[in-house]
Amino acid sequence: MYKIGVVGPIKSVEKIIELAHEIEQDMEVISYIYSIATETKHLVETYNQEVDFWLFSGYIPYKIASQTRVSQDKLAHIIFSDY
């Protein structure tokens, strides 16, 4: 089972987890909520060993996480679209 860490503000993380439960397939989704985006670095560095993959609520927390020593292969962010 894959463990996916979802990082973002509470409303975004709740929505992502709600959607993930709809497609739940051999994955555990774990919330990592911040008050301000700069907390992303601490969350990723502190909890990296607990997850197989990181999913960020947007580009800004993703960009912050990409400046850590965590493998870029473990990082992805949601791209919002009006379509």
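In the block above lies the structure referred to throughout.
This section reports on the structure supplied with the text. (Residues numbered from 1 in each chain as written. Predicted model: local features only at pLDDT ≥ 70, side-chain atom pairs only at ≥ 80, totals over all residues. Heavy atoms only, no water.)

1. Some points on the environment of histidine 77
No. 1: The topology assignment puts histidine 77 in strand β4 (residues 75-77).
No. 2: Classification of histidine 77 as partly exposed rests on a relative accessible area of 23%.
No. 3: The spatial distance from the C-alpha of histidine 77 to the C-alpha of valine 7 is 9.3 Å, given a sequence separation of 70 residues.
No. 4: If near-sequence neighbours (up to four positions away) are discounted, histidine 77 is found in contact with Leu55, Phe56, Gly58, Tyr59 and Tyr62. (Helix = DSSP H or I, 4+ residues; strand = E, 2+ residues; numbered from the N terminus. Buried < 20%, exposed > 50% of the residue type's maximum accessible area, 1.4 Å probe, protein only. Contact = heavy atoms within 4.5 Å.)

2. Some remarks on the nonpolar core
No. 1: With 12 residues, the main nonpolar core is built from Val7, Tyr32, Tyr34, Leu43, Val44, Val51, Trp54, Phe56, Tyr62, Ala65, Val70 and Leu75.
No. 2: Counting only elements with at least two residues in this core, the list comes to α2 (40-47), β3 (53-56) and α3 (59-65).
No. 3: When neighbours within four sequence positions are excluded, tryptophan 54 is seen to be in contact with Gly5, Val7, Tyr32, Leu43, Val44, Tyr47, Asn48, Val70, Lys74, Leu75 and Ala76.
No. 4: Grouped together as the second largest cluster of nonpolar side chains are 9 residues, Ile4, Val13, Met27 and Leu55 included. (Core = buried A, V, L, I, M, F, W, Y, C linked by side-chain atoms within 4.5 Å.)

3. What to know about the packing of aromatic side chains
No. 1: Applying the stated criterion across every chain yields a total of 5 aromatic pairs.
No. 2: Ring centres of tyrosine 59 and tyrosine 62 lie 6.1 Å apart, and the angle between their planes is 40°; this geometry places the pair in the tilted category. A residue pair is termed a helical-turn pair when its members lie 3 or 4 positions apart in one helix, as tyrosine 59 and tyrosine 62 do in helix α3 at 3 residues.
No. 3: The rings of Tyr32, Tyr47, Trp54, Phe56, Tyr59 and Tyr62 are connected pair by pair, giving a single aromatic cluster. (Phe/Tyr/Trp six-rings, centres within 6.5 Å; stacked < 30°, edge-to-face > 60°.)

4. Describing the pattern of salt bridges
No. 1: As enumerated under the stated definition, the model contains 1 salt bridge in all.
No. 2: For glutamate 18, the salt bridge identified is with lysine 15, shortest N-O distance 3.6 Å. Highlighted residues: glutamate 18 and lysine 15, both in helix α1 (residues 10-22), separated by 3 residues, approximately one helical turn. (Salt bridge = Lys/Arg side-chain N within 4 Å of Asp/Glu carboxyl O.)

5. As for α1
No. 1: For α1, which comprises 13 residues, the first-to-last C-alpha distance of 19 Å matches the rise-based estimate of 18 Å (1.5 Å per residue) to within 8%.
No. 2: Here α1 has its buried residues at Val13, Ile16, Ile17 and Ala20. Down the axis of α1, the buried side of the element spans an arc of 100°, and every buried residue falls inside it. With respect to the buried face of α1, the exposed residues turned more than 90 degrees away are Lys11 and Glu22. (Expected span 1.5 Å × (residues − 1). Arc of directions from axis to C-beta.)

6. Brief notes about the pairing of strand β1 (residues 2-8)
No. 1: Taken across its 7 residues, β1 has 5 buried, putting it largely inside the fold.
No. 2: Bridge count for β1 against β3 is 4 bridges, and the pairing is parallel. Bridging from a neighbouring strand, valine 7 pairs with phenylalanine 56 of β3. (Pairing = 2+ DSSP bridges.)

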